[in-house]
Amino acid sequence: MYYRDCKKENFYYESIQVKVIKSGYYTFRVSGAIDPYGSIYNNKFNPLDPMDNLLNQDYARNSDIQLKLDIYLDADIIYVLVMTTFDSKEVGEFSINISGRNEVNFERLSIPVNIQLKYPLKLTEDSPTYYRDCQVPHCHYETLQIHVNTTGSYILWSKSNTDAYGYIYKNDFNPLKPSENLLLSHGGPKQSSCVIGDQCNVYMKGIGLTLDDILRDELQPNTALNNQSFSIKLSAGLTIIMFVAGLINSILSFITFQSKDAQQVGCGMYLLTSSITSLLAISMFIIKFWFVVLTHINASTSLSVLRGGCASIEPILKLFLYLDSWLNACVAVERAVLIFKGVNFDKKKSKSIARRTIVILPFCIFGTLIHELAFRRLFVYEAAPGMSKNNENPNNRYVSCITHYSPSIQNYNTAVLFFHLVGPFIINLLSALFIIFGGARQRSNARTNQNFKEHVQEQFREHKQLIISPIVLLVLSIPRLIISLLPGCVKTSENLWLYLGPYFISFTPPMLIFLIFVCPSELYMKAFKQSFNRIRRRTP
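Residues numbered from 1 in each chain as written. Predicted model: local features only at pLDDT ≥ 70, side-chain atom pairs only at ≥ 80, totals over all residues. Heavy atoms only, no water.

Section: the sheet that holds strand β4 (residues 24-32)
Now for step 1: Reading across from one edge, β7-β4-β9 is the order of the three strands in this open sheet, with antiparallel pairing throughout. Of all strands in the sheet, those bounded by a partner on one side alone are β7 (67-73) and β9 (94-99). Averaged over all neighbouring strand pairs, the angle between strand axes comes to 20°, with direction disregarded.
Now for step 2: Both β4 and β9 contribute to a ladder of six bridges, which runs antiparallel. From the neighbouring strand, Phe28 faces β9, where its bridge partner is Ile98. (Pairing = 2+ DSSP bridges. Helix = DSSP H or I, 4+ residues; strand = E, 2+ residues; numbered from the N terminus. Axes fitted to C-alpha atoms, helices over the stretch in contact; angles between N-to-C directions.)

Below is the structure:
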């Protein structure tokens, strides 16, 4: 039996060691005469601290729904599946079915705890006191000397009606120097990288890493930016550089496409709008970064400000990013239509369609993101007194922006990510191929001195940027998709730039409009130079 949570109710349990032959996603389904409650742990399960090493958990919410755990398991890691019941002290039979990439090996681990000694203690006003730390200086304490006959692993735990703290020292304890000879301490439940909160107020991380997850362990609360780690200061400098580059890109693009020559057809209108949305996207990226940094540094930030930022910044950022990608796809489609229609291409109709598309497209994209507003919320919990991380947060308040998706909503969210990333790429690529092969066929009909293959090669040399550009944009955007699909249990602090670097790279596409669409085009470069010269003549 063990205490599953802070309610101090006893639960029977079975612990089973799980090994997989091939890494991949596995599904655990449990059914039987009991209401099953299952938890997956990394490496080992400690019944005295059931939050330690916890990866995921689930339970049968009613008689019609059996327990189901979907989790990624690594072949190089040992896992422990702990089965108990939803209600306290229930017993009964259950069965476990697993589906996945390959065979799964089970080994039963549950054995009774062999209690060697029980020792009653009582802290009173007459107990000695010492300065434990600067947070709680005046503490009563009792000391016990421990000898063991056999070397091995031992568990010490206490049951108390107070918030008990325990410390193990080697050889000697000096109350005037409580950090000297200290081997191990425990003053409450520990967190695994999959868990936010404490034993009584817990949130299990799902799929996907956010900027909050990446920077949370690196940021030091109530510490000025100048005193933050080098990684934080470097990333702050990079965001400023990215903003300046994005601003220059948008200004140059706007100068190009605001001219009448560039807006003769819908392409120019799409690109003019894209020059604005790209600036808005990079601006929202800067706002998000500094919102995360400043609110983590200032631990006393108002909860209403945190809730507003949590609910709005990420969806708005995605809206502008996706809108920018789809506007580029619209440009590709119109170019393909121009090749298909030839001399019959209607410029007025093209501009009319562009106006309607520019108005409707943001609402369509926002419709695919509406679920984020419903499931994005602020998770707030209070740490136990004196348990602030590194004594840096005197308010004992910890806040995190989370998205709590059901499995079906998580699948929908993943589909939306793929749709907005792969959709524009496929449209760009197919349009480019149509332009190359369609243009080659038209030329082969008009100029018969060359065969079709030679015309295709000539068209490819002329329009190769139409194929290269979407591939470059896709490669730069893929890190954002990968980060969105990574398990939330990843310890980013161990390899910060392995995650932060790709996150930054994924926001570079909005900075490349001028390089991708203007520089390779003689028409747009001519329009840019004319607009730039007009501005220079007007400037005193």
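Observations regarding helix α5 (residues 347-375)
Now for step 1: Between its first and last C-alpha, α5 extends 44 Å over 29 residues, near the 42 Å set by a 1.5 Å rise per residue.
Now for step 2: Where α5 bends most, at Thr368, the angle is about 45°.
Now for step 3: Taken as a whole, α5 has its buried residues at Ser350, Ala354, Leu361, Ile365, Thr368, Leu369, His371 and Glu372.
Now for step 4: The opening residue of α5, the one whose side-chain oxygen lies 3.1 Å from the backbone nitrogen of Lys348, is Asp346. (Expected span 1.5 Å × (residues − 1). Bend = angle between axes of the 7 residues up to and from the residue. Buried < 20%, exposed > 50% of the residue type's maximum accessible area, 1.4 Å probe, protein only. Polar contact = N/O pair within 3.5 Å; in protein donor to acceptor, adjacent residues only side chain to side chain.)

Things to note about the environment of Phe230
Now for step 1: By the secondary structure assignment, Phe230 is in helix α2 (residues 230-257).
Now for step 2: A C-alpha to C-alpha distance of 9.9 Å links Phe230 and Glu218, two positions 12 residues apart in sequence.

Description of a nonpolar patch on the surface
Now for step 1: Together, Leu117, Tyr119, Leu121, Leu144, Ile146, Val148, Tyr154, Leu156, Ile168, Leu183 and Leu184 give the surface a local cluster of nonpolar side chains, amounting to about 1200 Å² of exposed area.
Now for step 2: By the element assignment, Val148 lies in the loop between β12 (139-140) and β13 (166-169).
Now for step 3: Take Val148: its relative accessible area is 48%, and that puts it in the partly exposed class. (Patch = residues over 30% accessible without salt bridge, like charges linked within 9 Å, V, L, I, M, F, W, Y side chains within 5 Å. Areas by Shrake-Rupley, 256 points an atom, 1.4 Å probe, with all protein chains shown as cover. Salt bridge = Lys/Arg side-chain N within 4 Å of Asp/Glu carboxyl O.)

Description of the state of the cysteines
Now for step 1: Scanning the entire structure with this criterion turns up one disulfide.
Now for step 2: Covalently, Cys310 is tied to Cys401 through a disulfide, its sulfur atoms 2.0 Å apart. Torsion about the S-S bond of the Cys310 and Cys401 cystine: about 80°, corresponding to right-handed handedness. Linking Cys310 in helix α4 (residues 303-341) with Cys401 in strand β18 (residues 397-403), this pair joins segments that are 91 residues apart in sequence. Cys401 matches Cys310 in its accessibility class, with the two residues each being buried.
Now for step 3: Free cysteine: Cys267, not disulfide-bonded; nearest cysteine sulfur from Cys330 at 9.6 Å. (Disulfide = S-S within 2.5 Å.)

Focus on the UniProt feature "transmembrane region" (unreviewed entry) in the protein
Now for step 1: On the UniProt side, "transmembrane region" (unreviewed entry) is annotated at positions that read residues 234-257, 269-293, 357-375, 415-437, 466-483 and 503-525 here.
Now for step 2: Here residues 269-293 runs as 100% helix and 0% strand, with 37 Å between its end C-alpha atoms.
Now for step 3: This span, residues 415-437, is 100% helix and 0% strand, and a straight line between its end C-alpha atoms measures 31 Å. (UniProt positions renumbered as here; feature names shortened; annotations may be inferred.)

As for the pattern of salt bridges
Now for step 1: Here the structure, examined in full by the defined rule, presents five salt bridges.
Now for step 2: The residue Glu314 makes a salt bridge to Lys288 at a minimum N-O spacing of 2.9 Å. Pair noted here: Glu314 is in helix α4 and Lys288 is in helix α3 (residues 266-297), with a separation of 26 residues, a long-range link. Both residues of the pair, Glu314 and Lys288, count as buried.
Now for step 3: In this structure, Arg376 and Glu372 form a salt bridge, with 2.8 Å as the shortest nitrogen-oxygen distance.
Now for step 4: Overall, Arg376 belongs to the buried group, its relative accessible area being 11%.

Things to note about the nonpolar core
Now for step 1: With 37 residues, the main nonpolar core has Phe257, Ile365 and Tyr524 as its most contacted residues.
Now for step 2: When residues of this core are traced back to their parent elements, those giving at least two are α2, α3, α4, α5, α6 (407-446), α7 (452-485), α9 (513-518) and α10 (522-538).
Now for step 3: Of the residues forming this core, the biggest block, eight residues, is contributed by α4.
Now for step 4: Not counting the four nearest positions on each side in its chain, Phe257 is found in contact with Ala262, Gln263, Gly268, Leu271, Leu272, Val518 and Tyr524.
Now for step 5: Core analysis: the next-biggest nonpolar cluster, separate from the first, contains 29 residues, Ala236, Ile286, Leu321 and Phe507 among them. (Core = buried A, V, L, I, M, F, W, Y, C linked by side-chain atoms within 4.5 Å. Contact = heavy atoms within 4.5 Å.)

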